[in-house]
Amino acid sequence: MAFITPDFTAAAIALTALSIVSLVALRGWRDWIQLKRDELAAGHAPLAQDPGVPHAGSRIEIADLKERLRKLEAIAAGVDL
């Protein structure tokens, strides 16, 4: 009669794997936070972007506004989209 059943073994392996993944993620998070602290302490901002090129978030926002405007114009013209 075996004390360790296959279910217990699988659960132990899963718990061990979850623990390892969690510890690796925690270590990565701490290293990233330390990197940001070092950047702030050194007075360096993240790499500056070319002033002629808008930020990606701005381009997405502008595209969204254009799409909304197009829909409102279609509603005003009585066109179904």
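Per-chain numbering applies: the sequence of each chain, read as written, is numbered from 1 onward. Note on the predicted model: pLDDT of at least 70 is required for a residue's local features to be given, and 80 or more for side-chain atom pairs to be given and counted; whole-chain, interface and lining totals, by contrast, use all residues. Heavy atoms from the whole structure form the basis of all side-chain values; hydrogens and water molecules are not counted.

A.B. asks: Break down the overall build of the protein chain for me, with residues and values.
C.D. replies: Runs of E in the DSSP output that reach at least two residues are strands. Runs of H or I that reach at least four are helices, and both are numbered from the N terminus. Looking only at helices and strands, the protein chain has two helices and zero strands in total. Counting every position in the protein chain, which comprises 81 residues, the buried fraction comes to 1%. Reported accessibility uses the Shrake-Rupley method at a 1.4 Å probe radius. Residues are deemed covered only where the shown protein chains occlude them. Of the roughly 7,600 Å² that the protein chain leaves accessible, carbon and sulfur atoms contribute 68%. Between buried and exposed lies partly exposed: a residue is buried under 20% and exposed over 50% of the maximum accessible area for its type, with that area taken using a 1.4 Å probe on protein chains only.

A.B. asks: Residues and numbers for helix 2 (residues 56-77), please.
C.D. replies: In this analysis, the expected span of each helix is defined as 1.5 Å times one less than the number of residues it contains. Look at helix 2: 32 Å from first C-alpha to last across 22 residues, which is about the 32 Å you get at 1.5 Å a residue. Downstream of helix 2 by one or two residues, G78 has phi in the positive range, about 80 degrees.

A.B. asks: Pulling in residues and values, what's your account of helix 1 (residues 6-42)?
C.D. replies: The end-to-end C-alpha separation of helix 1 is 54 Å, in line with the 54 Å expected for 37 residues at 1.5 Å each. In the stretch just after helix 1, G43 is the one whose phi turns positive, near 80 degrees.

A.B. asks: Mind laying out the pattern of salt bridges, listing which residues take part and the relevant values?
C.D. replies: Two side chains of opposite charge can pair, provided their charged atoms sit close to one another. We count a salt bridge whenever a side-chain nitrogen from Lys or Arg sits within 4 Å of a carboxyl oxygen from Asp or Glu. Under the defined criterion, the tally for this structure stands at four salt bridges. Two residues, E39 and K36, come together in a salt bridge whose shortest N-O distance is 3.4 Å. Residue E39 and its partner K36 are located together in helix 1, separated by three residues, close to a single helical turn. The exposure class of K36 is partly exposed, given its relative accessible area of 29%.

A.B. asks: Could you give me a rundown of the environment of T16, with the residues and numbers involved?
C.D. replies: Among the structural elements, T16 can be located in helix 1. What makes T16 partly exposed here is its relative accessible area of 44%. Counting of polar contacts relies on pairs of N or O atoms within 3.5 Å, with two restrictions inside protein: one atom must be capable of donating a hydrogen and the other of accepting it, and residues adjacent in sequence are counted only when both atoms are side-chain atoms. A polar contact of 2.8 Å, which involves the side chain of T16, links it to the backbone oxygen of A12.

A.B. asks: Talk me through a nonpolar patch on the surface; I want residue IDs and the actual numbers.
C.D. replies: Residues L23, L26, W29, W32 and L35 make up a contiguous nonpolar surface patch of about 540 Å² in total accessible area. Judged by relative accessible area, W32 falls into the partly exposed class, the value being 43%. Nonpolar side chains (Val, Leu, Ile, Met, Phe, Trp, Tyr) within 5 Å and like charges within 9 Å form the patches, drawn only from residues with over 30% relative accessible area and no salt bridge.

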